[in-house]
Amino acid sequence: MTTAWAERPQSSRAVAVEVLRHGPLSRVELARRLALSQGTLTRLTRPLLDEGLLVEAPDAARAGAESPEEPRLGRPAQPLAIAADAHHFVGVKLTGSSAHAVLTDLGADVLAGAVAPLPSTEPAAVVDAVAALVGELVGGGRRPTALGVSVGGHAADHRRVTSAPFLHWSDVSLAELLEDRTGLPTTVENDVLALTEAEHWFGAARGCTRFALVTIGAGVGYGHVVHDRLVSSPDAGFGLVGHWPLEVPSSPCPRGHRGCAASVLTIPAITEAASAAVGRPLAFDEVVDLALAGDPGAGRVVADAARGTGRLLAAVANLTMPEKIVLTGDGVRLALELAPQVRAGLDADRDPRAAPVALDVQDFDFAEWARGAAVVALQRFVRGRPAPR
Ligand SMILES: [Zn+2]
């Protein structure tokens, strides 16, 4: 099988990407979506079918968009689907203390997962850990097409980590180091942007052309898709949304702001404020448990955070007008437990004539973040921009 997707012309790749993201699709629906004639579509799909990148889906998966005139075109009427087994990807999400990895197929379905502690945050030790995880997931079987790695921090050119506070890194050529070590084309991306891409193409926001993703945990993260594309900027990954003012009382953030999102909503901010209020050191889950049990000190901190979360979501909705907002992160339990307070904070900053904000709160799962890293590697492959070697 010669599935050299990246060597295909752009027009042919566009067909495959459309099927990847929205398939199975009938030929009629696919031609309509891409504004192609049936003849052109047939010319573009034939080599993809011959190479095994696309397959004809079984009848059970027939798309509802089937058109009555299709059978007289004299071609198979089966919808087209991606050959998910044609390529595999490894995605790794790095934290300050661990590496979470998944192996996915071309449809971004997770086939296997693995976790390893990081004995040190030295780049060489992290490269060792990632290489070991790749070996574990691949297990001597098929070779993955590419590797994606995501970090909480700033990535440049999908190659270098320019700053990652949790790893204490500045300017680490991570893709180059991993390519030398694993032989796999490697893409490096900010973790929130990678997660946004995964939710957009294959997850909670599949089918949305306009949505926002907000993460709350060690920091406040933000990803934004408009016109069906991720908004990217050299400034993405600096946690800028964390400085959004919420007008909630707080200790100052590292930039000196009182009442900004990072100083009210993050796990360190919540545990610090609640520990001070209760008079002993508390972990995040203890704070939430105490608040739910009626402790007034923890309750006030948690209530402020829930209202502040709602206000941040309202700001996102008011400014970007998304079809939906996906909220997740390792601190998302607070928003799940106090959903009515979050909604009240959100509604307070909306106009009652505006549509209610579609809020999709997703439970936190490191494997989903690792899947995001796999998806950015997958995207660079299918868009024909594999990481340079
Ligand atoms: Zn701030």
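Residues numbered from 1 in each chain as written. Predicted model: local features only at pLDDT ≥ 70, side-chain atom pairs only at ≥ 80, totals over all residues.

Colleague: Would you explain the packing of helix H8 (residues 267-278) against helix H10 (residues 296-320) in this entry?
Modeller: For any two helices packed against each other, one specifies the crossing angle of their axes together with the interaxial distance. Interaxial distance between H8 and H10 falls to 8 Å at its minimum, and their mutual angle equals 155 degrees. By the angle between their axes, H8 is roughly antiparallel relative to H10. Here the hand of the crossing between H8 and H10 comes out right-handed. Only Gly 297, Ala 298, Arg 300, Val 301 and Ala 305 of H10 make contact with H8, whose side of the interface consists of Ile 270, Ala 273, Ala 274, Ala 277 and Val 278. In the contact of H8 with H10, the residues fall into eight nonpolar, one polar and one charged. (Axes fitted to C-alpha atoms, helices over the stretch in contact; angles between N-to-C directions. Helix = DSSP H or I, 4+ residues; strand = E, 2+ residues; numbered from the N terminus. Parallel < 35°, antiparallel > 145°, perpendicular 65-115°, else oblique. Left-handed = near helix turned anticlockwise from the far one by under 90°. Contact = placed C-beta atoms within 7 Å. Nonpolar A, V, L, I, M, F, W, Y, C, P; charged D, E, K, R; others polar.)

Colleague: Any chance you could explain the environment of Glu 179 here in plain terms?
Modeller: Positionally, Glu 179 belongs in helix H5 (residues 174-182). Separated by 32 residues in the primary sequence, Glu 179 and Leu 147 place their C-alpha atoms 8.8 Å from one another.

Colleague: Is there a simple way to explain the sheet that holds strand E4 (residues 98-105) in this structure?
Modeller: Strands pair in a sheet through their backbones, by hydrogen bonds, and they do so in one of two ways: parallel or antiparallel. Across the sheet, five strands lie side by side as E5-E4-E3-E6-E10; this open sheet has mixed pairing. In the strand order of this sheet, the two ends are held by strand E5 (110-117) and strand E10 (186-190), each with one partner. Shown here is a sheet whose adjacent strand axes are inclined to one another by a mean of 20 degrees, direction ignored. The strands touched by H5 within the sheet are strand E6 (146-151) and E10, with E10 carrying the most contacts at an inclination of about 150 degrees. Sheet contacts for helix H6 (residues 191-202): strand E3 (88-94), E6 and E10; angle to E10, the most-contacted strand, approximately 105 degrees. (Pairing = 2+ DSSP bridges.)

Colleague: Is there a simple way to think about H8 in this case?
Modeller: Given 3.6 residues to a turn, an α-helix orients residues that are three or four positions apart in the same direction. A rise of 1.5 Å per residue sets the reference length of H8, with its twelve residues, at 16 Å; its end C-alpha atoms lie 16 Å apart and thus fit the reference within 8%. Turning to H8, its buried residues number three or more, namely Ile 267, Ala 269, Ile 270, Thr 271, Ala 273 and Ala 274. The elements touched by buried residues of H8 are helix H7 (261-265), helix H9 (284-292) and H10. Gly 279, located one to two residues past H8, shows a positive phi value of around 95 degrees. (Expected span 1.5 Å × (residues − 1). Buried ≥ 20, exposed ≤ 12 C-beta atoms within 10 Å, placed from the backbone.)

Colleague: For this particular structure, what's the right way to read the domain arrangement of the protein?
Modeller: Many authors give the size of an interface as the accessible area that is lost as the parts come together. Its domain assignment divides the protein into domain 1 (5-85), domain 2 (88-196 + 367-382) and domain 3 (206-361). For domain 2 versus domain 3, the distance between C-alpha centres works out to 27 Å. Contacts between domain 2 and domain 3 engage ten residues on the former and twelve residues on the latter. The set of elements that each furnish at least two residues to the side of domain 2 that touches domain 3 consists of strand E7 (154-156) and H6. With four residues, the single largest contributor to the side of domain 2 that touches domain 3 is H6. Partitioned by chemical class, the residues of the side of domain 2 that touches domain 3 number five nonpolar, five polar and no charged. (Domains from an automatic or database assignment.)

Colleague: I would appreciate a short explanation of the sheet that holds strand E9 (residues 169-172) in the present structure.
Modeller: One open sheet accounts for three strands, arranged E7-E8-E9; its pairing is antiparallel. Among the strands making up the open sheet, the edge pair consists of E7 and E9. Within the sheet, the average angular offset between the axes of one strand and its neighbour, ignoring direction, is 15 degrees. The pairing of strand E8 (residues 160-164) with E9 spans three bridges and is classified as antiparallel. Residue pairing across strands places Ala 164 opposite Trp 169, the latter belonging to E9.

Colleague: Help me out: how do you make sense of unusual backbone geometry in this one?
Modeller: The omega angle of the peptide bond from Gly 23 to Pro 24 is 0 degrees, so this bond is cis rather than trans. Among the structural elements, Pro 24 can be located in the loop between helix H1 (10-22) and helix H2 (27-34). One non-glycine residue, Ala 35, lies in the positive phi region at around 55 degrees. Considering the arrangement of structural elements, one finds Ala 35 in the loop between H2 and helix H3 (38-51). Backbone geometry places Met 321, a non-glycine residue, at a positive phi of 50 degrees.

Colleague: Is there a simple way to explain the packing of helix H4 (residues 123-138) against H5 in this structure?
Modeller: The contact between H4 and H5 brings their axes to 10 Å, and the two run at 50 degrees. The pairing of H4 with H5 is recorded here as oblique in orientation. Relative to H5, the crossing made by H4 is right-handed. Residues Pro 123, Val 127, Val 130, Ala 131 and Val 134 of H4 touch H5, and the partners they reach there are Leu 177, Leu 178, Arg 181 and Thr 182. Counted by class, the contact of H4 with H5 contains seven nonpolar, one polar and one charged residues.

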